[in-house]
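Residue-level listing of the chains:
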Amino acid sequence: MPVLIGKLAELTGTSERLLRYYERAGLLRPERLPNGYREYTRSDTAAVLRIRALLAAGLPTRVIRQVLPCTTDEAAVQPCPGVLDALRDQLDALDRRAAELAVAREVLRETIAGAEARTAPASTAR
């Protein structure tokens, strides 16, 4: 049963503003009623949930636009030209970013430890 944007927002926990953005980005293609209202299908509900999951995984919308047509309601990737390469590239980018964050985290820990050692009260000898 088709739903309007407010209901889709409610069903997916996504704001209407984001749903309109997904449409502008080419991720959703709702039908338009004569009055201009957007009408979404059950498959759009599943697509929004996949979009949110892919965004949470760090994929940019340009990659999601490639991947989305190749997914099913179970979010399994079907064979689509270039999609596997795009996903591998994104995974490589995430791995690089994770390594950079690990180094930054260690530097921050060392900096905090050094600062704490310098500000710790000296013990008084008797």
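Keep in mind that what you see is a predicted model, and the values were worked out from it rather than measured. (Residues numbered from 1 in each chain as written. Predicted model: local features only at pLDDT ≥ 70, side-chain atom pairs only at ≥ 80, totals over all residues. Heavy atoms only, no water.)

Glancing now at the nonpolar core. Leu19, Tyr22, Leu27, Leu28, Tyr40 and Ile51 are the most contacted members of the largest nonpolar core, which has 22 residues in total. Contributing elements (two or more residues each) for this core: helix 1 (5–12), helix 2 (16–24), helix 3 (42–56), helix 4 (61–67) and helix 5 (83–119). With 4 residues, the top contributor of residues to this core is helix 3. (Core = buried A, V, L, I, M, F, W, Y, C linked by side-chain atoms within 4.5 Å. Buried < 20%, exposed > 50% of the residue type's maximum accessible area, 1.4 Å probe, protein only. Helix = DSSP H or I, 4+ residues; strand = E, 2+ residues; numbered from the N terminus.)

Rolled over the atoms, a probe with the dimensions of a water molecule shows which regions are left empty. In this structure, the largest pocket spans a volume of roughly 160 Å³. Here the element with the most residues in the lining of the largest pocket is helix 3; it accounts for 3 residues. Residues that form the lining of the largest pocket fall into these classes: 5 nonpolar, 2 polar and 4 charged. (1 Å grid on protein atoms, 1.4 Å probe; cavity = no way out; pocket = protein on both sides within 12 Å on 5 of 7 lines; lining within 4 Å. Points joined across faces, edges and corners; volume = space filled by probe spheres on them. Nonpolar A, V, L, I, M, F, W, Y, C, P; charged D, E, K, R; others polar.)

This part is about the confidence of the model for the protein. Averaged over all residues, the pLDDT of the protein equals 88, while 90% of them reach at least 70. No element of the protein has a lower mean pLDDT than helix 4, which averages 88, and none a higher one than helix 2, which averages 96. (pLDDT = per-residue confidence, 0-100.)

So, on to the sheet that holds strand 2 (residues 31–32). Strand pairing in a sheet takes place through backbone hydrogen bonds and is either antiparallel or parallel in direction. As summarised here, the arrangement of the 3 strands in space is 1-3-2, forming an open sheet in which the pairing is antiparallel. In this open sheet, the two strands that pair with only one neighbour each are strand 1 (3–4) and strand 2. Bridging between strand 2 and strand 3 (residues 38–40) involves 2 bridges; their strand directions are antiparallel. The partner of Arg32 across the bridge, within strand 3, is Arg38. (Pairing = 2+ DSSP bridges.)

A surface patch of like charges, here negative, comprises Asp85, Asp89, Asp92 and Asp95. Here Asp92 is to be found in helix 5. Owing to a relative accessible area of 39%, Asp92 belongs among the partly exposed residues under this scheme. (Patch = residues over 30% accessible without salt bridge, like charges linked within 9 Å, V, L, I, M, F, W, Y side chains within 5 Å. Areas by Shrake-Rupley, 256 points an atom, 1.4 Å probe, with all protein chains shown as cover. Salt bridge = Lys/Arg side-chain N within 4 Å of Asp/Glu carboxyl O. Lys, Arg positive; Asp, Glu negative; His and termini not counted. Charge placed at Lys NZ, Arg CZ, Asp CG, Glu CD.)

Here we take up the side chain of Gln90. Looking at the element boundaries, Gln90 is found in helix 5. Taking the relative accessible area as the measure of exposure, Gln90 reaches 12% and is therefore buried.

Quick look at the pattern of salt bridges now. Taken as a whole, this structure holds 5 salt bridges when the rule is applied. Salt-bridge contacts for Arg38 lead to Glu23; the nearest nitrogen and oxygen are separated by 2.4 Å. Placement of Arg38 in strand 3 and of Glu23 in helix 2 is noted, with a sequence separation of 15 residues between them. One network of salt bridges, with partners in common, ties together Glu23, Arg32 and Arg38.

Along its 37 residues, helix 5 runs 53 Å from first to last C-alpha, staying within 8% of the 54 Å computed at 1.5 Å per residue. Taken together, the buried positions of helix 5 are Val83, Ala86 and Gln90. (Expected span 1.5 Å × (residues − 1).)

Moving on to the packing of helix 1 against helix 2. Their axes nearest at 9 Å, the elements helix 1 and helix 2 cross at an angle of 105°. One element, helix 1, and the other, helix 2, form an angle in the roughly perpendicular class. Contacts from Ile5, Gly6, Leu8 and Ala9 in helix 1 reach Glu16, Leu19 and Arg20 in helix 2. (Axes fitted to C-alpha atoms, helices over the stretch in contact; angles between N-to-C directions. Parallel < 35°, antiparallel > 145°, perpendicular 65-115°, else oblique. Contact = heavy atoms within 4.5 Å.)

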